[in-house]
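# Examining the three-dimensional arrangement
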Amino acid sequence: MSQTLATEADRLFAGARSVLAGGVSAALRLHPYVGRPVYLAGGEGAYVTDLDGQRYLDFNLANGAALLGHRHPGVEQAVIDCLRAGVPTAAETPSHERLAALLTEIIPAAERVRFATNGSDVTIVALRIARHATGRTAFVKFEGHYHGLLEPFLFRQADPTGADGAAIPSSGGVPVAEGEDVFVLPWNDAAAFEACLDRHGDRIAAVFCEPVHYNAGCIPPAPGFLELLRARTSAAGAVLVFDEVLSGFRMALGGAQAHYGVTPDLTTVAKALANGMPLAALAGRADLMESLAPTGPVAHSGTYSGHPLGVAAALAALEELRAPGLYDRLNATADAFYRDLQAILDRHALPVRVQGLGARFGLYFGRTAPVRSYNDARDHDHDLHKRFVLACLERGLYFHAYSRQGPPGHAGISLAHSATDLATALTAIDDVAAEMARPA
Ligand SMILES: Cc1ncc(COP(=O)(O)O)c(C=O)c1O
């Protein structure tokens, strides 16, 4: 980053801190390695531009929302058209029906759809539905799996107070009331899951997971693990929820459930659904979904639920994502990029493990063995990661970071990243790795 920008941005952050709580509108926007948010003036395709007019190839992509890249022409036009038509929020439109119909074609679990705004809005409704359907309150989640900043989901490890250094603090150290109702299990640990279901199966309303644990970089399910979740959840009469807010549309049009061929009872999508406009959806079995008000007793509504701008953007985004062969190309490009990136880092003998699936990946610094669990991901070396991220920023590559502790978080490529963009990035990273490998 240029000196001028550093000065200008530092000044801006100082001002923001006197009016915005913590100087930000969302905690994770404070770039922990830069020491303030990275202020962006705009974006186009695979690039974002900072306040100084400096362009960066974007590997954050709005936390994964901008799968098609920034200012996608079709999405932009759809949003403009919707604005010009003056479609009021808080009204149903034919577009809601059209988008829901499309999602029921695309997403294996989707027999019915309910729109909302944020990912967090729909994960909590999934839990509500599961509790109603089963008459039980307890649920299973996996270590480090992120389902939004809502009280029931704030458990990262066994400690519900958030005293775990790598945890997002739950309620400032005050245990949340539902603590005893949450079983937090290690991801990919079949024995632990079976033991929990053997012992508590009749108390469990739902099993929640990120079917690919992208919030800890990229930890795919071990072979057979999703199938095990499916089988044991069904046998226990509990509801299986795949939270695909991040994995949705990432490696297959139908998300991880289509990629792995395991269909949950309920599923959530957001982020890439509307390519950066606020829109989320809960979808699933008709009998469960019809328990939502107004048909049933389970509460869900909202002034901005299914906001028309988000719905318009999603229709345009899906139009693009449905192009035949698109995911074959995306996955081939992504795999080649991850392979070449790993080869460069290995050539410089930097201890980094690259794990990616589809358009999202994790870089595990200080680690060379496969990362299969949250505990593996916690070994991540933040000092090395910080050197990498800052050196990349200097060379025009933007990697976000979410925390100074615990797993590295996720990065990604978009469909706007061209072969030339990725080759340029690899050349710059080669330079970064050479610099990092040099003795100080
Ligand atoms: C898997 C998952 N679920 C839920 C959420 C919460 O979504 P939102 O930030 O839109 O509330 C996120 C956000 O990153 C997520 O990655």
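Residues numbered from 1 in each chain as written. Predicted model: local features only at pLDDT ≥ 70, side-chain atom pairs only at ≥ 80, totals over all residues. Heavy atoms only, no water.

Looking at an unreviewed UniProt entry, one finds the chain named Glutamate-1-semialdehyde 2,1-aminomutase and attributed to uncultured Thermomicrobiales bacterium. Per UniProt, the comment on the chain under Cofactor (unreviewed entry) is "pyridoxal 5'-phosphate". (UniProt positions renumbered as here; feature names shortened; annotations may be inferred.)

The buried fraction of strand β12 (residues 360-365) amounts to 6 of the 6 residues, a majority that puts the element mostly inside the structure. On β12, burial covers both faces: Arg360, Gly362 and Tyr364 on one face and Phe361, Leu363 and Phe365 on the other are all buried. Two strands pair when backbone bridges link them, and strand β11 (residues 352-357) and β12 are joined in this way by 6 bridges, in the antiparallel orientation. Residue pairing for β12: valine 352 is matched across the bridge by phenylalanine 365. Following β11, the chain reverses through 2 residues before pairing antiparallel with β12; glycine 358 in that reversal takes a positive phi of roughly 60°. Note that β12 and strand β14 (residues 411-412) share 2 bridges and pair antiparallel. (Buried < 20%, exposed > 50% of the residue type's maximum accessible area, 1.4 Å probe, protein only. Helix = DSSP H or I, 4+ residues; strand = E, 2+ residues; numbered from the N terminus. Pairing = 2+ DSSP bridges.)

So, on to the packing of helix α3 (residues 73-85) against helix α10 (residues 308-321). Interaxial distance between α3 and α10 falls to 8 Å at its minimum, and their mutual angle equals 145°. In this structure, α3 crosses over α10, and the sense of that crossing is right-handed. From α3, Gly74, Val75, Ala78, Val79, Cys82 and Leu83 reach across to α10, where they touch Pro308, Leu309, Ala312, Ala313, Ala316 and Ala317. Considering only residue class, the contact of α3 with α10 consists of 11 nonpolar, 1 polar and no charged. (Axes fitted to C-alpha atoms, helices over the stretch in contact; angles between N-to-C directions. Left-handed = near helix turned anticlockwise from the far one by under 90°. Contact = heavy atoms within 4.5 Å. Nonpolar A, V, L, I, M, F, W, Y, C, P; charged D, E, K, R; others polar.)

Below, the discussion takes up the layout of surface pockets. One number sums up the size of the second largest pocket: a volume of about 350 Å³. Along its surface, the second largest pocket is lined by 17 residues, and Glu92, His96, Arg114, Phe115 and Ser305 are the ones closest to its centre. Of all elements in the fold, only α4 (94-106) and β4 (112-116) reach the threshold of two or more residues within the lining of the second largest pocket. Of the residues in the lining of the second largest pocket, the class split is 6 nonpolar, 8 polar and 3 charged. (1 Å grid on protein atoms, 1.4 Å probe; cavity = no way out; pocket = protein on both sides within 12 Å on 5 of 7 lines; lining within 4 Å. Points joined across faces, edges and corners; volume = space filled by probe spheres on them.)

Cis geometry is adopted by the peptide bond preceding proline 294, which originates at alanine 293 and carries an omega value of 15°. Following the sequence through the fold, proline 294 ends up in the loop between α9 (286-289) and α10. Here the phi dihedral of lysine 271 falls at roughly 40°; this positive angle occurs in a residue that is not glycine. Structurally, lysine 271 can be placed in the loop between β9 (266-269) and β10 (280-284). Taking the relative accessible area as the measure of exposure, lysine 271 reaches 25% and is therefore partly exposed. For asparagine 275, which is not glycine, the phi dihedral falls at a positive 50°. Here asparagine 275 shows up in the loop between β9 and β10.

This part takes up helix α11 (residues 326-347). The end-to-end C-alpha separation of α11 is 32 Å, in line with the 32 Å expected for 22 residues at 1.5 Å each. Listed in full, the buried residues belonging to α11 are Leu326, Tyr327, Leu330, Asn331, Ala334, Phe337, Tyr338, Leu341, Gln342, Ile344 and Leu345. Along α11, the residues classed as buried sweep out an arc of 160° about the axis, all on the same side. Exposed residues pointing more than 90 degrees away from the buried face of α11 are listed as Asp328, Arg329, Arg339 and Arg347. Its buried side turned inward, α11 meets α10, β11, β12 and α14 (419-437). With its phi angle positive at about 55°, alanine 349 sits one or two positions after the end of α11. (Expected span 1.5 Å × (residues − 1). Arc of directions from axis to C-beta.)

Inspection of the secondary structure puts glycine 406 in the loop between β13 (397-398) and β14. You can call glycine 406 buried: its relative accessible area is 9%.

Checked against the element boundaries, aspartate 202 lands in the loop between α6 (190-200) and β7 (204-209). For the pair aspartate 202 and leucine 288, spaced 86 residues apart in sequence, the C-alpha separation works out to 19 Å.

Taken as a whole and judged by the stated rule, the model has 18 salt bridges. Its salt-bridge partner being arginine 203, residue aspartate 181 comes within 3.7 Å of it at the nearest N-O pair. Here aspartate 181, found in the loop between β5 (138-142) and β6 (182-185), pairs with arginine 203, found in the loop between α6 and β7; they are 22 residues apart in sequence, far enough to count as distant. With a relative accessible area of 35%, arginine 203 lands in the partly exposed category. One salt bridge in this structure joins arginine 339 and aspartate 340, with 3.5 Å as the shortest N-O distance. Via salt bridges that share partners, Arg230, Asp265, Arg285 and Asp287 belong to a single interconnected network. (Salt bridge = Lys/Arg side-chain N within 4 Å of Asp/Glu carboxyl O.)

Turning next to the sheet that holds β5. Here we have 7 strands laid out as an open sheet, ordered β4-β10-β9-β8-β7-β5-β6, and mixed in their pairing. Single-partner strands in this sheet number two, and they are β4 and β6. Shown here is a sheet whose adjacent strand axes are inclined to one another by a mean of 20°, direction ignored. Sheet analysis places β7 next to strand β8 (residues 239-243), joined by 4 bridges and oriented parallel. Among the inter-strand pairings, phenylalanine 208 is bridged to a residue of β8, identified as valine 241.

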